[in-house]
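Fold and contact review
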Protein chains: 2
Amino acid sequence: MLKKLWKNIWARRAVTALAGLLIWITPIPWGLQPEAWQLFTIFITAILAVLLDALSIFTASLLAMVIAVLAGVLGTEKAFSGFSEDFMLLILSAFLVSKGVVKSGLGNRIAFLLIRRFGHSTLNLGYCIVATDALLGPAIPSNTARSGVLYPIVLPLCLDTGSSPEDETRHRSGSYLMMVSIASLTVSSALWLTAMAANPIAAGLGGQYGVEMDFVNWLLVSSVPSLLAMAALPYILYRLFPPTAKATPEAPRAAAKALKEMGRLSSKEKVMGATFVGMVILWGLAGLLGISMAIIAFMGLAVMLLFNIFSIKDLRREGGDALETFIWFAIMYVMSSALNELGFMATLGKQIAGYMQGLSWLQAYVLLILIYVLIHYLFVSQTAQLLALFGVFLEVGVNAQVPVGLMAYMLAFATNFFAALSPQASSANILFAGSGYLTPQEIYRNGAIITIANFVIYMVCTPWVLWMGN
Amino acid sequence: MLKKLWKNIWARRAVTALAGLLIWITPIPWGLQPEAWQLFTIFITAILAVLLDALSIFTASLLAMVIAVLAGVLGTEKAFSGFSEDFMLLILSAFLVSKGVVKSGLGNRIAFLLIRRFGHSTLNLGYCIVATDALLGPAIPSNTARSGVLYPIVLPLCLDTGSSPEDETRHRSGSYLMMVSIASLTVSSALWLTAMAANPIAAGLGGQYGVEMDFVNWLLVSSVPSLLAMAALPYILYRLFPPTAKATPEAPRAAAKALKEMGRLSSKEKVMGATFVGMVILWGLAGLLGISMAIIAFMGLAVMLLFNIFSIKDLRREGGDALETFIWFAIMYVMSSALNELGFMATLGKQIAGYMQGLSWLQAYVLLILIYVLIHYLFVSQTAQLLALFGVFLEVGVNAQVPVGLMAYMLAFATNFFAALSPQASSANILFAGSGYLTPQEIYRNGAIITIANFVIYMVCTPWVLWMGN
């Protein structure tokens, strides 16, 4: 009876609304500003609505924004500010570029080449993605941009192994490979100092405590846990979120045949390939040249339009999912960032610090990292959490006698390995979350699995980090 | 031979690029900053590319932004700022809402009702649009918002009279009715003080010169020229941009039959109708309540999503054109506003003022209004031009002995009646420009016709404005 009622979407919506109402009228703790508590209520209720499948992530975000603005908790200007954020437009343009890579045939060719060589099992393809991502890591100093390189390779990989986002074949290989991509990016970002935009900030903050985190040190310290995670994650997901197509001995032969049918590189593929490689190179040099990553992606898009690899008609027909993703992610980002600005995160951090009294350094260390990871459910940007809480947690850890090098490195790694926690936990997830192969619920569930696995692996490697990092 | 070459898009692109280059290397006039001249070059070349059909308006805008940023003429932050502008998001959300109105069946029902009553000729339907728009004018204090109300009525009107944006049937009725809508909004906005967001600003500036422009005065002064224009425009377009379906005596009968088949209002139509009416009421009260128009539209969108009138699937499938429109218009807007901020517009205005020496007041008056209208080719917002140049032109006019009331009113009317000059000349054009029924070239051509007609009509009414307005 209850179960049947639960199948009714309006029942789930009523429960969500009730939960939101209860949080709203809860006495405001810790001397927070009322606006901070109300915004927290709206934000967490939106997340709950998605978890309970009461609302799509788009509708939940939209409603949350409207309610927050009408309640006077969020100014209109702030509410809309996400739409002009550089990395938001990077996601948008990378999403459109990826369509061109597929459209040109280049994506398929790369996918067929990979399948021909590694495609006898879907697990293998998962490892393929992880290896590609890890190798691209040092070259592309933004996990968001790197997701823009991976996605147009992974998408045809899914399509060409008979998995479509439109129907239940999505579970054949697609859902698994998309989830592996999200997992992979958490680790590739932790592996290299230059693989994620916030890593150098962490290194700078660590430096203030005398921890030298340069390119080589970082790689050395992170290598053991990161390589372990790279080895483990595809397999763990393979067991807990299995693709329905496992052994696919016929796939390499089919791919070889398809490659033969494709013939030589078409002129569109050549232009697309040159554009894509150019974008990757420019992304690598973006910091040096001082060019925005989004502008580079827009440039790539413009070239594709000029050469009709991706046409305006294609944009009109296929741009809807990019728009959907752009809107909900921009809203989620703004909500979280406003929550941060209202002091919610800092207050939470200080409260937690209060509980660390009387613990051994090892206890404090494990607890602090765990809490740092869990708080990420509230954040829609890794960099924002790093800026808001890295310093607080490092300070609390040091005061609790945690060796400073260990604390600094582990917080820095955590800032990367918690990135699979929710669809919006990292801008690098967004393309995969928007692919249609994964429901938000699947991302939350498997994101939790990935994060637990990462947490355990990096924690187990504590002796190594302690040894190399201090 | 040359004509054949011209058919090659790359030839037209080469000519555009050459023209751009020539402007770029022209010695910078009037002591302008180099950045101002370079940005002007990029902007005008983009417009030229669209006019010559060398680039789509989307590609032209994208390229212009990329070039302007890479050339260091436009900062990245400024370049992206358009995406979070309130009225930009109003257009985006209104675009999506209009899809829901059509999807729910409500748009068709309203269209069929109009066709049953007025549909025996396409010209009649044109007058229908003008009348609806004019009556909505005093209630909706933003022409952009009003375009969001008109568009979901006009679109099914086109579709249900057998005109599709996909093929050549677009000329049956659609292209004509979309163009009439653009024309109509120029005049409905001029008719009422409260029909366009910038009108009260004009009234305020006029007040500083002692011209009392309240609701009644404004209506009185504008009534004669505006009613004349309302009568003339649908007919002028009917002659110069004729729909291929002219007399359609069978249409009312077909509409009556279709209405019978639709039966009674469906629940989706009811929800959509209530939402739509609610939005119109809130738009009318937005200023009073201090709520952003875009938030109201987003709220309407959220309701539509909640009740599955417009689903996430619909958004993914049909959101591409909204995204396309959103991106190019945001870029165009930013380019024009940056040009303004760099002092280009003000310098241009002062140069023009210099040429007014020694003219009679009537000559100065006609010339000033003409130039004020032509300069709008450079502007992507009516309000921006008003803020940049209304004061300058009013001052120059008064110094040249033009009666101050005449000058103030006519500049205020011109700020509305020049709004059809280009696709981007007003945010109220954007939905119609994005409908697929009109090419940019058609909008430029017919926009010029509309603007000339408006100019002549309002100028001929100078005695009335002089009599009532001083």
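Owing to the predicted nature of the structure, the values given are computational and were not obtained by experimental measurement.

A word on the overall build of chain A
From N to C terminus, chain A includes 24 helices and zero strands. The globule rule puts the C-alpha radius of gyration for 470 residues at 23 Å, and the 22 Å found for chain A is close to it. Counting only C-alpha atoms, chain A reaches 70 × 55 × 50 Å along its principal axes. Across the 470 residues in chain A, those meeting the buried criterion constitute 60%. Relative to all contacts within chain A whose residues are 6 or more apart in sequence, the contacts with residues 24 or more apart total 79%. For chain A, the accessible surface area stands at approximately 17,300 Å², while carbon and sulfur atoms represent 66% of it. Here chain A carries 27 positive and 22 negative side-chain charges, and the mean point of each set is 11 Å from the other.

Considering the relation of the copies chain B and chain A
Here the two chain copies are tied together by a rotation about an axis and a shift along that axis. Overlay of chain B on chain A (RMSD 0.0 Å): rotation 180°, translation along the axis 0.0 Å. Classification of the inter-copy transformation places it as that of a two-fold axis. It is Gly320(B) whose C-alpha, among those of chain B, lies nearest the rotation axis, at 2.2 Å. Of the residues that chain B buries at the interface, 100% are likewise interface residues in chain A, meaning the two copies contact each other through the same surface.

Comments concerning the environment of Tyr176(B)
Positionally, Tyr176(B) belongs in helix H10 (residues 174–191). Sequence spacing of Tyr176(B) and Phe241(B) is 65 residues, and the spatial spacing of their C-alpha atoms is 6.6 Å.

Topic: the pattern of salt bridges
Where side chains of opposite charge bring their charged atoms close, a pairing between them can arise. All names here are of chain B. The final tally for this structure, using the stated rule, is 19 salt bridges over all chains. Arginine 109 is paired through a salt bridge with glutamate 269; the nearest N and O atoms lie 2.6 Å apart. A residue pair is termed long-range when its members are at least 10 positions apart, and arginine 109 in helix H7 (residues 106–118) and glutamate 269 in helix H14 (residues 267–289) qualify at 160 residues. Taking the relative accessible area as the measure of exposure, arginine 109 reaches 11% and is therefore buried. A relative accessible area of 4% means that glutamate 269 is categorised as buried. Note that arginine 146 is salt-bridged to aspartate 133, the shortest N-O span being 2.8 Å. With arginine 146 in helix H9 (residues 143–160) and aspartate 133 in helix H8 (residues 122–136), this residue pair connects regions lying 13 residues apart in the sequence. In this structure arginine 146 comes out as buried when scored by relative accessible area, which is 0%.

Concerning the packing of aromatic side chains
Per the counting criterion, the structure on display carries 45 aromatic pairs over all chains. When the centroid spacing of 5.7 Å and the interplanar angle of 70° are considered together, the rings of Trp464(A) and Trp467(A) count as edge-to-face. Of this pair, Trp464(A) and Trp467(A) are both found in helix H24 (residues 462–469), three residues apart, which corresponds to roughly one turn of the helix. Using a relative accessible area of 63% as the deciding quantity, one classes Trp467(A) as exposed. Here the aromatic cluster, defined as three or more aromatic residues joined through ring pairs, consists of Phe80(A), Phe83(A), Phe298(A), Phe326(A), Phe80(B), Phe83(B), Phe298(B) and Phe326(B).

Re helix H12 (residues 215–240) of chain A
Residue and element names in this part refer to chain A. If you check H12, its first and last C-alpha atoms are 35 Å apart, about what 26 residues at 1.5 Å a residue would give, namely 38 Å. What H12 keeps buried is the set Trp218, Val221, Ser222, Ser223, Pro225, Ser226, Ala229, Met230, Leu233, Pro234, Leu237 and Tyr238. In this structure, the buried side of H12 is in contact with helix H8 (122–136), helix H10 (174–191), helix H11 (199–208), helix H21 (404–417), helix H23 (440–460) and H24.

A closer look at the interface of chain B and chain A
How big an interface is tends to be reported as the loss of accessible area on association of its parts. Each partner contributes to the interface: chain B provides 44 residues, whereas chain A provides 44 residues. Taking both sides of the interface into account, the surface hidden between chain B and chain A amounts to around 3,800 Å²; carbon and sulfur atoms contribute 83%. For the pair chain B and chain A, the number of links is two salt bridges. Ionic pairing is found between Arg316(B) and Glu324(A), a salt bridge with its closest N-O pair at 2.7 Å. Elements with a minimum of two residues in the side of chain B that touches chain A: helix H2 (9–25), helix H4 (57–70), helix H5 (76–80), helix H6 (86–104), helix H15 (293–306), helix H16 (312–318) and helix H17 (320–341) of chain B.

Remarks on the confidence of the model for chain A
Per-residue confidence for chain A averages 89 on the pLDDT scale, and 100% of its residues sit at or above 70. Interface confidence for the predicted complex, given as ipTM, is 0.84, next to a pTM of 0.85.

A short note on the domain arrangement of chain A
Residue and element names in this part refer to chain A. Domain boundaries assigned for chain A yield domain 1 (2–79), domain 2 (84–197 + 215–330) and domain 3 (339–469). The distance between the C-alpha centroids of domain 1 and domain 3 comes to 24 Å. In this assembly, 16 residues from domain 1 lie in contact with 16 residues from domain 3. In this assembly, domain 1 packs against domain 3 so that about 1,500 Å² is buried in total across both faces, 75% of it on carbon and sulfur atoms. Here the element with the most residues in the side of domain 1 that touches domain 3 is helix H3 (residues 34–51); it accounts for 10 residues. Per-class residue counts for the side of domain 1 that touches domain 3 are 12 nonpolar, one polar and three charged.

Remarks on the environment of Val396(B)
All names here are of chain B. Among the structural elements, valine 396 can be located in helix H20 (residues 382–399). As a C-alpha pair, valine 396 and isoleucine 182 span 214 residues in sequence and 31 Å in three-dimensional space. Ignoring sequence-local partners within four residues, the contact set of valine 396 consists of Ala353, Met356 and Leu368.

Thoughts on the side chain of Asp314(A)
Residues and elements named next belong to chain A. Assignment of secondary structure puts aspartate 314 in helix H16 (residues 312–318). Engagement of the side chain of aspartate 314 in a polar contact is seen with the backbone nitrogen of serine 311, the distance being 2.9 Å. Beyond its immediate sequence surroundings of up to four residues, aspartate 314 is in contact with Lys103, Ile309 and Gly319.

About the criteria used
- Sequence positions are assigned chain by chain, starting from 1 and proceeding in written order.
- The order in which chains are written sets their letters, starting at A; the order in which ligands are written sets their numbers, starting at 1.
- This being a predicted model, a pLDDT of at least 70 is required before a residue's local features are given, and a value of 80 or more before pairs of side-chain atoms are given or counted; all residues contribute to the totals for chains, interfaces and linings.
- Excluded from the side-chain calculation are hydrogens and water; included are all heavy atoms of the structure.
- Each helix is a run of H or I in the DSSP string that is no shorter than four residues. Each strand is a run of E no shorter than two, and both are numbered from the N terminus.
- Based on C-alpha atoms, the radius of gyration is set beside the globule rule, defined as 2.2 Å times the residue count to the power 0.38.
- A 1.4 Å probe rolled over the protein chains alone gives each residue an accessible area, and that area as a share of the maximum for its type sets the label: buried under 20%, exposed over 50%, partly exposed in between.
- Contact between two residues is taken to exist if any of their heavy atoms lie within 4.5 Å; hydrogens are not considered.
- Note that accessible areas follow from Shrake-Rupley with a 1.4 Å probe, and for residues the cover is restricted to the protein chains shown.
- Neither His nor the chain ends contribute to the count of charged residues, in which Lys and Arg are positive and Asp and Glu negative.
- Here the site of a charge means NZ on Lys, CZ on Arg, CG on Asp, or CD on Glu.
- To superpose the copies, least squares is applied to the C-alpha atoms of every residue with a pLDDT of at least 70 in both.
- When a carboxyl oxygen of Asp or Glu lies within 4 Å of a side-chain nitrogen of Lys or Arg, that pair is called a salt bridge.
- Pairing of aromatic rings covers Phe, Tyr and the six-membered ring of Trp, with a centre-to-centre limit of 6.5 Å; geometry is then stacked below 30 degrees between planes, edge-to-face above 60, and tilted otherwise.
- Multiplying one less than the number of residues by 1.5 Å gives the expected span of a helix.
- Put simply, buried area is the surface a 1.4 Å probe can reach on two separate parts but cannot reach once they are joined, added for both.
- Known as pLDDT, the predictor's confidence for each residue is given on a scale from 0 to 100.
- As annotated, the domain borders come from an automatic or database domain assignment.
- Basically, the charged four are Asp, Glu, Lys and Arg, the nonpolar ten are Ala, Val, Leu, Ile, Met, Phe, Trp, Tyr, Cys and Pro, and anything else, Gly included, counts as polar.
- Polar contacts, as used here, are pairs of N or O atoms within 3.5 Å; protein pairs need one atom able to donate a hydrogen and one able to accept it. Residues neighboring in sequence count only if both atoms are side-chain atoms.

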